[in-house]
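Descriptive structure summary
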Amino acid sequence: MTNRPPAITGLHGAGAIGTVTLDWKPVSWVTVVDHYAVYVDDTMVGKTVYPHFVHRGLGFTGVTRSYRVVTVDAAGNRSRSSTAAAVANLTSVTVSGVPVATVGTFDGKGSELALSPKGYAGYPARFPSDVDYTFGTSTPSADWSYLLPGPADKWAGSKNHRATFRFELTAVPEQDLDLALWLIDSHASLAASAVLTVNGTEVDRLTFANGATKGSTIADSTYPGSPLRPSYLERPLPRALFRAGANVLELFKDQGSWIAYDALGIFSRK
């Protein structure tokens, strides 16, 4: 077929929690591309005008999928399919692990948390010294704010904020533990980052994906057409950070604007 546009090359992907990100080499500018069509097996899962595509909503158990991309030009002509790329999304620690201490439910909703769904303006009055939550004693609906504000938020005093999460361990864990920090949404351009500390040791600076901003007034990212953009941050926590008895995890939001929680938890490995 002489009118076929060229096929794309270099298709490759990377899996994350709930998503697969694909990239490829675009065709030459000589071809007027209308879009690239992305397929899993024989099912089209999306279109894009860029040589980049994020396949979302893939669940929390790892599954390997076979991806192909087809070039469609301005006249509607279709290229041959690209060489397939097999890519797996990652399995969440909420599936593979055992919960040690959690706040919230890992379900794409934040409605069980304090001030949800749109009471953010009440944060300074409800949490004048910021959130300080003890697993097993505190109550999510009263003691854990659905938003963690940052210094860019005038409604929260234009200052840094800290969320403190306390929990007990009967002994030092035999293996590393895992952190799961799920968000239903975040600020669209200023999600920025927060410092993660465990028992006084700075572990990492966590960088958050920019969201859709609507999570400040909507608590559910799961219904069809929800404008929210959830994200999932999971990372190992070395066993040496922990001790028998009282342990403290802190998130220090010293950059940017708010994040909206789905849930936070510490998980042991099976």
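Scroll up to find the structure this text is about.
A brief look at the structure comes next. (Residues numbered from 1 in each chain as written. Predicted model: local features only at pLDDT ≥ 70, side-chain atom pairs only at ≥ 80, totals over all residues. Heavy atoms only, no water.)

Description of the nonpolar core
Side chains of nonpolar character tend, in soluble globular proteins, to be buried together. One finds Trp144, Phe165, Leu249, Leu251 and Tyr261 to be the most contacted residues of the largest nonpolar core, which totals 41 residues. Not counting residues up to four positions away in its chain, the partners in contact with leucine 249 are Ala163, Thr164, Phe165, Phe167, Leu179, Leu196, Thr197, Val198, Leu237, Leu264 and Ile266. Listed in part, the 15 residues of the second largest apolar core include Leu22, Tyr36, Leu58 and Tyr67. (Core = buried A, V, L, I, M, F, W, Y, C linked by side-chain atoms within 4.5 Å. Buried < 20%, exposed > 50% of the residue type's maximum accessible area, 1.4 Å probe, protein only. Contact = heavy atoms within 4.5 Å.)

Structural notes on unusual backbone geometry
With an omega of 10°, the peptide bond running from serine 116 to proline 117 counts as cis. For proline 117, the location among the structural elements is in the loop between strand 8 (97–104) and helix 2 (123–126). Of note, alanine 192 is a non-glycine position whose phi angle comes to about 55°, a positive value. As for its placement among the helices and strands, alanine 192 is situated in the loop between strand 12 (177–186) and strand 13 (193–198). (Helix = DSSP H or I, 4+ residues; strand = E, 2+ residues; numbered from the N terminus.)

Details of the sheet that holds strand 9 (residues 131–134)
Taken together, the five strands give an open sheet; going across it, the order is 9-11-16-13-14, and neighbouring strands pair in mixed fashion. Each of the sheet's edge strands pairs with one partner strand only, and the pair in question is strand 9 and strand 14 (201–207). For this sheet, the mean inter-axis angle between neighbouring strands, taken without regard to orientation, is 20°. In this structure, strand 13 lies alongside strand 14, joined through six bridges in antiparallel fashion. Each bridged residue has a counterpart across the sheet, and for valine 195 the counterpart in strand 14 is arginine 205. (Pairing = 2+ DSSP bridges. Axes fitted to C-alpha atoms, helices over the stretch in contact; angles between N-to-C directions.)

What to know about the packing of aromatic side chains
Following the criterion strictly, the structure yields 14 aromatic pairs and no others. Plain terms: the ring middles of tryptophan 144 and phenylalanine 165 are 6.1 Å apart, the flat faces sit at 80° to each other, and that makes the pair edge-to-face. Taken together, the residues span a long stretch of sequence, with tryptophan 144 in the loop between helix 3 (140–143) and strand 10 (147–148) and phenylalanine 165 in strand 11 (residues 161–169) at a distance of 21 residues. With respect to burial, tryptophan 144 and phenylalanine 165 carry one shared label: buried. Three or more aromatic residues joined by ring pairs form one cluster here, namely Tyr133, Trp144, Phe165, Phe167, Phe242 and Tyr261. (Phe/Tyr/Trp six-rings, centres within 6.5 Å; stacked < 30°, edge-to-face > 60°.)

With respect to the pairing of strand 17 (residues 259–269)
By the criterion of burial, strand 17 is predominantly enclosed, with nine of the 11 residues buried. Judged from the seven bridges that link them, strand 8 and strand 17 form a sheet pairing that is antiparallel. Pairing of valine 103 across the sheet is with leucine 264, part of strand 17. Here strand 10 pairs with strand 17 via two bridges, running antiparallel. Bridge pairing links leucine 147 to alanine 260 in strand 17. Direction of pairing for strand 12 relative to strand 17: antiparallel, over a ladder of eight bridges. When the bridges of strand 17 are listed, serine 186 appears paired with isoleucine 259.

Structural notes on the side chain of serine 186
Inspection of the secondary structure puts serine 186 in strand 12. Of note is the side chain of serine 186, whose polar atom sits 2.6 Å from the backbone oxygen of alanine 209. Within the local environment of serine 186, its side chain forms a polar contact with the backbone nitrogen of glycine 211, the two atoms lying 2.9 Å apart. Setting aside its immediate chain neighbours within four residues, serine 186 contacts Ala191, Ala209, Asn210, Gly211, Ala212, Thr213, Trp258 and Ile259. (Polar contact = N/O pair within 3.5 Å; in protein donor to acceptor, adjacent residues only side chain to side chain.)

Some words on the sheet that holds strand 5 (residues 52–55)
The three strands lie next to each other as 1-2-5, forming an open sheet whose pairing is antiparallel. Of all strands in the sheet, those bounded by a partner on one side alone are strand 1 (9–16) and strand 5. Strand-to-strand twist in this sheet, taken as the mean axis angle between neighbours without regard to direction, amounts to 15°. Pairing of strand 1 with strand 2 (residues 19–25) involves six bridges; the strand directions are antiparallel. In the sheet register, histidine 12 faces strand 2, and the bridge partner there is aspartate 23.

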